[in-house]
Amino acid sequence: MNTFPSLPAALPAVACPFHDGAATLDSFLAGLDPRETALFDAALDLRSLAAAGTDAAACVDQLFRVRALLGGRHYLAFYRVRCWARRALRVEARPARGCPWHGFELPLDGARLDEIVNSALAPFASSTGEIPAGAHVRFTFASH
Amino acid sequence: MKSTVTTPASTRVDSPVVKALNLLLADSYALMANTHYAHWNVEGPGFFVLHKAFESHYEDLFKAIDEIAERVRALDAYAIGGLRNFANESGIDELTSPLAAKDYVASLVVAHEKTLQDAVALRDAAGAANDLETQDLAIGRIQWHQKTVWMLKSYLK
């Protein structure tokens, strides 16, 4: 089994009653075959982004990239990663600059960034379906 | 003759054994609720198999909950109760919206593992208190959860 150093304390700490804490990513990596380089490298990049804790949007995008490469394999291990992501990452949207941000949980079954963005903006749509020009979506790491 | 009855330490409401029993009770109740939810709402090609399996699981959990609560009473302590209380005590996330079939299975694996962890803690607490009867109950629950986890994980492979 591959072992990796634990993610640094800078990673947002989440309550981990059972397997959906930061160590989830290490466990997920440990179950992958390093010879499957595309997937392994993508998972390593996800871990690095999570550890850095600075670019939540890139982290979400990488999560979905890993999901696509998995193609349904390692289902339980990646389910735990998705649970971690749901706790560690948040989607926020506002209809215009100066308006308060509305926060949403990252969907457990999310697979595409554009779908998440569209869902987050949908509450601000007019009766004709138009989104305000100043509407904005951002991704953040959950604070504790 | 005046008699005084002192409650043995092992049966006090704050005793490690009673606390561990009540935690297992909360876990089991929360897990039963999630399993029942999955039984109702699972969809897809695996529907019949999963619908039936989840039914079997929540029926077993229903019996186990009674057994655990009555063990608390047999120790002359009170069993905890109330849906909100069970949810808060167990820490198992409630299933509240529909999931893909495999996600139901995965979420139940995680909840079973948490319950298993607490059943192990109960086994050890009961052993330390020389309460072999409670330990026996805990061991039975551990065996059932281990078997159920094996079966659920197999579905995901």
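Residues numbered from 1 in each chain as written. Chains lettered and ligands numbered in written order. Predicted model: local features only at pLDDT ≥ 70, side-chain atom pairs only at ≥ 80, totals over all residues. Heavy atoms only, no water.

(A) Looking closely at the confidence of the model for chain A. Residues and elements named next belong to chain A. In this model, chain A carries a mean pLDDT of 85, and residues with pLDDT of at least 70 account for 84%. Across chain A, helix α3 (residues 56-70) holds the top mean pLDDT of 96, while strand β2 (residues 102-105) sits lowest at 89. Note on residues 1-17: pLDDT under 50 across the span, and 42 contacts to partners over four residues away in sequence or across chains. (pLDDT = per-residue confidence, 0-100. Helix = DSSP H or I, 4+ residues; strand = E, 2+ residues; numbered from the N terminus. Contact = heavy atoms within 4.5 Å.)

(B) Quick look at the packing of aromatic side chains. All names here are of chain A. Overall, the coordinates contain four aromatic pairs over all chains when judged by the stated rule. Taken together, a centroid distance of 5.6 Å and an interplanar angle of 50° make the contact between Phe28 and Phe78 tilted. Remark: Phe78 occurs in helix α4 (residues 75-88) and Phe28 occurs in helix α1 (residues 23-30); sequence separation between them is 50 residues. Per residue, the accessibility class of Phe28 equals that of Phe78, and both read buried. (Phe/Tyr/Trp six-rings, centres within 6.5 Å; stacked < 30°, edge-to-face > 60°. Buried < 20%, exposed > 50% of the residue type's maximum accessible area, 1.4 Å probe, protein only.)

(C) Spatial organisation of the interface of chain B and chain A. Opposite the 15 residues of chain B that make contact, chain A presents twelve residues. With both sides pooled, the region where chain B packs onto chain A buries about 1200 Å², and carbon together with sulfur makes up 62% of that total. At the junction of chain B with chain A, the criterion picks out three salt bridges. Of the charged contacts, one joins Asp93 of chain B and Arg87 of chain A as a salt bridge, the two residues approaching to 2.6 Å between their closest N and O atoms. In this structure, the connection of chain B to chain A is made through four residue pairs in polar contact (both at pLDDT 80 or more). At the level of secondary structure, the elements contributing two or more residues to the side of chain B that touches chain A comprise α4 (101-128) and α5 (132-156) of chain B. Take the side of chain B that touches chain A: its biggest share by element is nine residues, from α4 of chain B. (Buried area = accessible area lost by both parts, 1.4 Å probe. Salt bridge = Lys/Arg side-chain N within 4 Å of Asp/Glu carboxyl O. Polar contact = N/O pair within 3.5 Å; in protein donor to acceptor, adjacent residues only side chain to side chain.)

(D) Region of the structure containing the side chain of His57 of chain B. All names here are of chain B. One can find His57 in helix α2 (residues 47-74). A relative accessible area of 9% places His57 in the buried class. Sequence-distant contacts of His57, that is, excluding residues within four places in its chain, are made with Thr35, Trp144, Thr148 and Leu152.

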